[in-house]
Amino acid sequence: MPDSGASSIPGLVLSEARELRSKQDARLRALQALSRSMLAGFLSAALIALAARPADNPVDSAFGFWIAYTAAVLVGISLLVEFLVSRWKEGPDIHALFESFGETSDAGGFEMFLALMHDDDRIRNEALLVRAKRFIALQVCGTFGGGAMLLALDG
């Protein structure tokens, strides 16, 4: 590809498509980190709260059940987020590119086709990202509720 820079229109389009995909990948990584940190934070707080209980004042079994249930739900949501990510498109299908262009010398057409493939993947990934955001919003609510339960342990 002699001119894969940003001097041609197809090159500009491809550059923009790559930048949008890169930003989308960064948003996904941030959501994954948020999901994992909420889970780790709740589990750490729950273990500390339970371990700090005096031996003569054990946790009520119903209360313990709700703490365990909350932890299980948060783990389940984290797993759902990771499952969604397993369907994430990392980049264009190389076989499809080769089948469409083979050994052609039309660099501009190739760059435009590549940009369109990036955009198709970005649109598909955006739907996965929206679903992941919804699950993480549920996880935020669960973490907040679980934290409130842990605070009620002292009461």
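Residues numbered from 1 in each chain as written. Predicted model: local features only at pLDDT ≥ 70, side-chain atom pairs only at ≥ 80, totals over all residues. Heavy atoms only, no water.

**Concerning the overall build of the protein**
What the protein contains, in helices and strands, is four helices and zero strands. When the helices and strands of the protein are read in sequence order from the N terminus, they spell out α-α-α-α. Referenced to the eigenvectors of the C-alpha coordinate spread, the extents of the protein come out at roughly 80 × 25 × 20 Å. Counting all 155 residues of the protein, 32% fall into the buried class. (Helix = DSSP H or I, 4+ residues; strand = E, 2+ residues; numbered from the N terminus. Buried < 20%, exposed > 50% of the residue type's maximum accessible area, 1.4 Å probe, protein only.)

**Brief notes about the pattern of salt bridges**
Scanning the model with the defined rule gives five salt bridges in all. Here Lys-23 and Glu-19 are joined by a salt bridge, their closest N and O atoms 3.3 Å apart. Here Lys-23 and its partner Glu-19 are both found in helix α1 (residues 9-51), four residues apart, which amounts to about one turn of the helix. (Salt bridge = Lys/Arg side-chain N within 4 Å of Asp/Glu carboxyl O.)

**Considerations on the packing of α1 against helix α4 (residues 107-152)**
Across the interface, α1 lies against α4 with an axial gap of 8 Å and an inter-helix angle of 20 degrees. Here α4 runs roughly parallel to α1, going by the angle between their axes. The way α1 lies across α4 gives a crossing that is left-handed. Within the contact of α1 with α4, the residues separate by chemical class into 21 nonpolar, 10 polar and eight charged. (Axes fitted to C-alpha atoms, helices over the stretch in contact; angles between N-to-C directions. Parallel < 35°, antiparallel > 145°, perpendicular 65-115°, else oblique. Left-handed = near helix turned anticlockwise from the far one by under 90°. Nonpolar A, V, L, I, M, F, W, Y, C, P; charged D, E, K, R; others polar.)

**Remarks on the packing of aromatic side chains**
To describe a pair of aromatic rings, one takes the distance between the centres and the angle between the planes. Under the definition given, this model contains three aromatic pairs. Arranged with centres 5.4 Å apart and planes meeting at 70 degrees, the rings of Phe-65 and Trp-66 form a pair that is edge-to-face. Residue class for Trp-66 comes out partly exposed when judged on its relative accessible area of 44%. A centroid spacing of 6.1 Å and a plane angle of 25 degrees characterise the contact between Phe-65 and Tyr-69, whose relative ring orientation is stacked. Here Phe-65 and its partner Tyr-69 are both found in helix α2 (residues 61-85), four residues apart, which amounts to about one turn of the helix. A network of ring pairs unites the aromatic residues Phe-65, Trp-66 and Tyr-69 as a single cluster. (Phe/Tyr/Trp six-rings, centres within 6.5 Å; stacked < 30°, edge-to-face > 60°.)

**Structural notes on the confidence of the model for the protein**
Mean pLDDT over the protein works out to 87, with 94% of the residues at or above the 70 mark. Within the protein, no element has a lower average pLDDT than helix α3 (residues 94-101), which sits at 78, and none a higher one than α1, at 92. Confidence drops under pLDDT 50 across residues 1-5; counting only partners more than four residues distant or on other chains, this segment forms 10 contacts. (pLDDT = per-residue confidence, 0-100. Contact = heavy atoms within 4.5 Å.)

**Quick notes on the nonpolar core**
Among the nonpolar cores identified, the biggest contains 11 residues, and these are Leu-28, Leu-31, Met-38, Val-81, Leu-84, Val-85, Trp-88, Leu-128, Leu-129, Ala-132 and Ile-136. If one sorts the elements of this core by residue count, α4 sits on top with four residues. Leaving out residues up to four positions away in the same chain, Leu-128 has contacts with Leu-84, Arg-87 and Trp-88. By size, the runner-up hydrophobic cluster in this structure holds nine residues, among which are Ile-67, Leu-74, Met-149 and Leu-153. (Core = buried A, V, L, I, M, F, W, Y, C linked by side-chain atoms within 4.5 Å.)

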